[in-house]
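Structure at a glance
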Amino acid sequence: MAQKGDRLDRETFSCWICLDLLKDPVTIPCGHSYCMNCIKIHFNEEDWKKIHSCPQCRKTFIPRPVLEKNTMFTELMELLKKTGLQAAPTDRCYAGPEDVACDVCTGRKLKATKSCLVCLASYCEKHLQPHYDAAPLKKHKLVAPSKKLQENICSRHQGHETVLAAAERTEKQKELEVRRLNIQQRIQDREKDVKLLQQEVEAINGSADKAVEDSEKMLTELICLIQKRSSDVKQQVRSQQETEVSRVKELQEKLEQEIAELKRKDAELEQLSHTEDHNQFLHNYPSLSALSESTHSSSINIGPLRYFEDVTAAVSETRDKLQDILREEWTNISLTVTEEDVLLSPSEPKTRTGFLKYSHEITLDPNTAHRELLLSEGNRKATLMKQKQFYSDHPDRFTDYYQVLSRESLTGRCYWEVEWRGRAVDVAVAYMDIRRTGGSDECGFGFNEKSWLLSCNTQSYTLWLRKIKTPLSGPRSSRVGVYLDHRAGILSFYSVSETMTLLHRVQTTFTQPLYAGVGLFMDHGDSAELIKLK
C-alpha cells in the first residue's frame, strides 16, 4: 500500500504534459497544473484557432489564459525535492521509429496506446486517461494507434460525430453493390442492344443481298425477254424481207423473159420488113405480127419504201410504254440510300391500306419510362399509376415528365397507331439525345428542338413545336395514326376511325433517327398503347 501511495504522490505532482515533476508550476482556470514551459508550448500551438484548451480535461478558454506561477505548488515542489520525492519511474515504454508516438508528450515521447478520430491525435496511457474520465471526451471515437489519422477521416467532418471507417465501409459497400448491380444491368441492356443491332445489321445485309439477287434475276429476265422480242422482230422482218424480195425478183424474171420475147419478135418483124417477095411477106406476116398477152400491168409504180414502218412504229410504241412504266413505278424498286430517292419518293398514301404498307412493330423502352408509368402488353402499353414502379436506375429514364420512348429507332417511311384511354395523351416523336433528367423544357415533348408533339384530349387536338401551341381541328377519335417519311422530312398526324383525317403535317429536316414517344399526365389509369398492326 505504501508503494501505491508513493506512486499516487508522484503522479499528483507531475506535469501531465512532460510527466516529470512540475517545474515553475502554473495552474490554469480549470484547476489543472502544468510546467510553465509545457503549457506555454501547448497554448502556442493552439493560437491559430483563437481557442485554447486544457490538455487534460479539454475545457476551452477564450481568450488565452494568463499564466502566473502557483506559489504554493512552487514551495511544495522545493519541499518534495528536499524529502527525496522524484519523478515517476522511468520504466515506461518510449516510442521507437516504427511506433506511433504520443502527441501530448514533450521531450522524449511515449508510445501511444490509442488514437482519437475526433481529436485527430494519439495518446499514451497517461494522456489518454481523460478520454475515460471526462464526460465530453468519452464520446470521442478511439481506435488503434495510427500514423494516418488524416487519411482515415474527411477533413470536413472534423468536430462532428464520426463513425468507424469499417462501419462506414459497410454502408458504402452496400451502395457499391447496388451500383454494381445497376452497372451490370446496364451492361446486360447494352449487350442486348448490341446483339439486336447486330441482328439488324445481319437482317439488313440479308435483305439487301436477297433484293440484289431477286432484282438481278427479274431484271435479267426482263432483259432476256426484250432480247427475245428483239430477235423475234428481227427474224420476222428478215422473213418478210425475203418474201418480198423473192416476189419482186419473180416478177422481175418474168418481165425480163417478156422483154427477151419481144426483142426476138421485133427482130423477126424487122427481117420480114426487108423481104422483097410480096407473097412471102403476106404469108408470114400474120404469124409474126401476133403477140402474146402480157400478164402484168403495162406500168409498175414504185412508191416510198414503207414495207416495215408499221414494225418500227410498233416497237417505238412499246419502247415509250416501257419507259413510262419504269418512270412511274421505279420508286417501288429504287434504293433508299441515294439522293435521287428523295426526288422519287412516292406521295403520302391516301388510304389506311396504303399506310399499313409502312407499318412498323414498335415497343416501349422500359429504361426510358418514368417510374409512375406501368408498361404492359409486351411493352406496347403505358398506364399512369399512383405508385412508383420498381425500375432500376438508368440514365435514359425520364425523371419528371410522365413520358416514355420506343426501343426501336425510326428512319425511312414508317407508320404506327396509338390507341388511348382516359382524359388525355401526348403522341410524339423525339431524338434519342432529348434531355431526361429534371423538369425543364429541354425534357418535355414539344417544348424543345428535339421533339414534335400532338396533344390529344376529349375536347381538342393541339400541336406543340418548340413551345409554340397550335390548336387543330378534326374528328375526335381514341386512335391516332402517325406517318413519318424521314428522308423527305414529313411527319403527319391522323385521326383514325372508319376513315383517316389529316390533323396536321409537319415539313422539316430530320438530322437524326427518331423514336416514337407517348406521355400521360392527367389521371391515374389513363393509358396509351402502340397498336399491333397487321
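The model shown is predicted, which means the values in this text are computed figures rather than measured ones.

The next thing to look at is the pattern of salt bridges. Under the criterion given, the structure shown has 30 salt bridges. Note that Asp-193 is salt-bridged to Arg-190, the shortest N-O span being 3.1 Å. In this pair, Asp-193 and Arg-190 both sit in helix α7 (residues 165-273), three residues apart, roughly one turn of the helix. Judged by relative accessible area, Arg-190 falls into the partly exposed class, the value being 33%. Linked through salt bridges whose partners overlap, the residues forming this network are Arg-190, Asp-193, Asp-365, Asp-396 and Arg-407.

Here the focus is the packing of aromatic side chains. In total, this model carries nine aromatic pairs according to the counting rule given. Aromatic side chains Phe-355 and Tyr-415 sit 5.1 Å apart centroid to centroid with 35 degrees between the ring planes, which places their arrangement in the tilted category. Note that Phe-355 is positioned in helix α11 (residues 352-356) and Tyr-415 in strand β11 (residues 413-421), a separation of 60 residues in sequence. Looking at Phe-355, the relative accessible area reads 1%, which means it is buried. Of the residues examined, Tyr-415 reaches a relative accessible area of 0% and is grouped as buried. Ring geometry for Trp-452 versus Phe-510: centroids 5.3 Å apart, planes at 80 degrees, classification edge-to-face.

At the junction of Ile-62 and Pro-63, the peptide bond is cis and its omega measures out at 0 degrees in the coordinates. Take Pro-63: it is sitting in the loop between β4 (60-61) and α3 (71-83). Backbone geometry at Lys-50 places phi at a positive 65 degrees, although glycine is not the residue there. The topology assignment puts Lys-50 in the loop between α2 (36-46) and β3 (52-53). Classification of Lys-50 as exposed rests on a relative accessible area of 64%. A positive phi angle, near 55 degrees, is found at Glu-377, a position not held by glycine.

This part covers the side chain of Asn-448. Structurally, Asn-448 is set in the loop between β12 (424-431) and β13 (451-457). A polar atom in the side chain of Asn-448 sits 3.3 Å from the backbone oxygen of Glu-442. Looking at Asn-448, its side chain comes within polar contact range of the main-chain oxygen of Gly-444, at 2.9 Å. Here Asn-448 is in contact with Ile-434, Asp-441, Glu-442, Cys-443 and Arg-466, once residues within four sequence places are set aside.

In the predicted model, the protein chain carries a mean pLDDT of 83, and 85% of its residues have values of at least 70. The secondary-structure element of the protein chain with the lowest mean pLDDT is helix α10 (residues 339-344), recorded at 38, while strand β10 (residues 403-405) shows the highest, at 96. In this model, residues 1-8 is a region of pLDDT below 50 whose contacts with residues beyond four sequence positions or in other chains number zero contacts. Note that pLDDT drops below 50 for residues 87-91; the model gives that stretch seven contacts with residues more than four away or on any other chain.

Per the UniProt record, "coiled-coil region" (unreviewed entry) is annotated on residues 164-200 and 238-275. For residues 238-275, the helix share is 95%, the strand share is 0%, and the end-to-end C-alpha distance is 55 Å.

The next thing to look at is a nonpolar patch on the surface. A cluster of nonpolar side chains, contributed by Leu-219, Leu-222, Leu-225 and Ile-226, occupies part of the molecular surface with about 310 Å² of accessible area. Structurally, Ile-226 is set in helix α7.

Turning to the sheet that holds β11, a few remarks are in order. Taken together, the seven strands give an open sheet; going across it, the order is β8-β9-β20-β11-β16-β17-β18, and neighbouring strands pair in antiparallel fashion. Of all strands in the sheet, those bounded by a partner on one side alone are β8 (373-376) and β18 (500-507). Between one strand axis and the next, the sheet turns through 20 degrees on average, direction left out of account. Bridge count between strand β9 (residues 381-384) and strand β20 (residues 527-530): three bridges; the pairing is antiparallel. When the sheet's bridge partners are listed, Thr-383 is paired in β20 with Ser-527.

This brings us to the sheet that holds strand β5 (residues 114-116). Strand order in this open sheet of three strands is β6-β5-β7, and the pairing throughout is antiparallel. Edge strands, defined here as strands with exactly one partner in the open sheet, are β6 (121-123) and β7 (142-143). Note that β5 and β7 share two bridges and pair antiparallel. Along β7, the bridge assignment pairs Ser-115 with Val-143.

It is worth spelling out the nonpolar core at this point. In this structure, Trp-416, Trp-452, Leu-454, Leu-491 and Phe-493 are the most contacted members of the largest nonpolar core, which totals 38 residues. If we skip the residues at most four places from it in the chain, Trp-452 touches Val-427, Ala-428, Val-429, Tyr-431, Trp-464, Leu-465, Leu-491, Val-506, Thr-508, Phe-510 and Leu-514.

Attention shifts here to the pairing of β13. For β13, a buried count of six out of seven residues is recorded, marking the element as mostly surrounded by other parts of the structure. With seven bridges connecting them, β12 and β13 associate as antiparallel partners. Looking at β13, one finds that Ala-424 is bridged to Asn-457. Strand direction decides the pairing type here: β13 and strand β14 (residues 461-465), joined by four bridges, are antiparallel. Looking at the pairing, Leu-453 lines up with Trp-464 of β14. Hairpin geometry of β13 and β14 is characterised by an intervening segment of three residues between the two adjacent antiparallel strands.

So, how was this worked out
Residues numbered from 1 in each chain as written. Predicted model: local features only at pLDDT ≥ 70, side-chain atom pairs only at ≥ 80, totals over all residues. Heavy atoms only, no water. Salt bridge = Lys/Arg side-chain N within 4 Å of Asp/Glu carboxyl O. Helix = DSSP H or I, 4+ residues; strand = E, 2+ residues; numbered from the N terminus. Buried < 20%, exposed > 50% of the residue type's maximum accessible area, 1.4 Å probe, protein only. Phe/Tyr/Trp six-rings, centres within 6.5 Å; stacked < 30°, edge-to-face > 60°. Polar contact = N/O pair within 3.5 Å; in protein donor to acceptor, adjacent residues only side chain to side chain. Contact = heavy atoms within 4.5 Å. pLDDT = per-residue confidence, 0-100. UniProt positions renumbered as here; feature names shortened; annotations may be inferred. Patch = residues over 30% accessible without salt bridge, like charges linked within 9 Å, V, L, I, M, F, W, Y side chains within 5 Å. Areas by Shrake-Rupley, 256 points an atom, 1.4 Å probe, with all protein chains shown as cover. Pairing = 2+ DSSP bridges. Axes fitted to C-alpha atoms, helices over the stretch in contact; angles between N-to-C directions. Core = buried A, V, L, I, M, F, W, Y, C linked by side-chain atoms within 4.5 Å.

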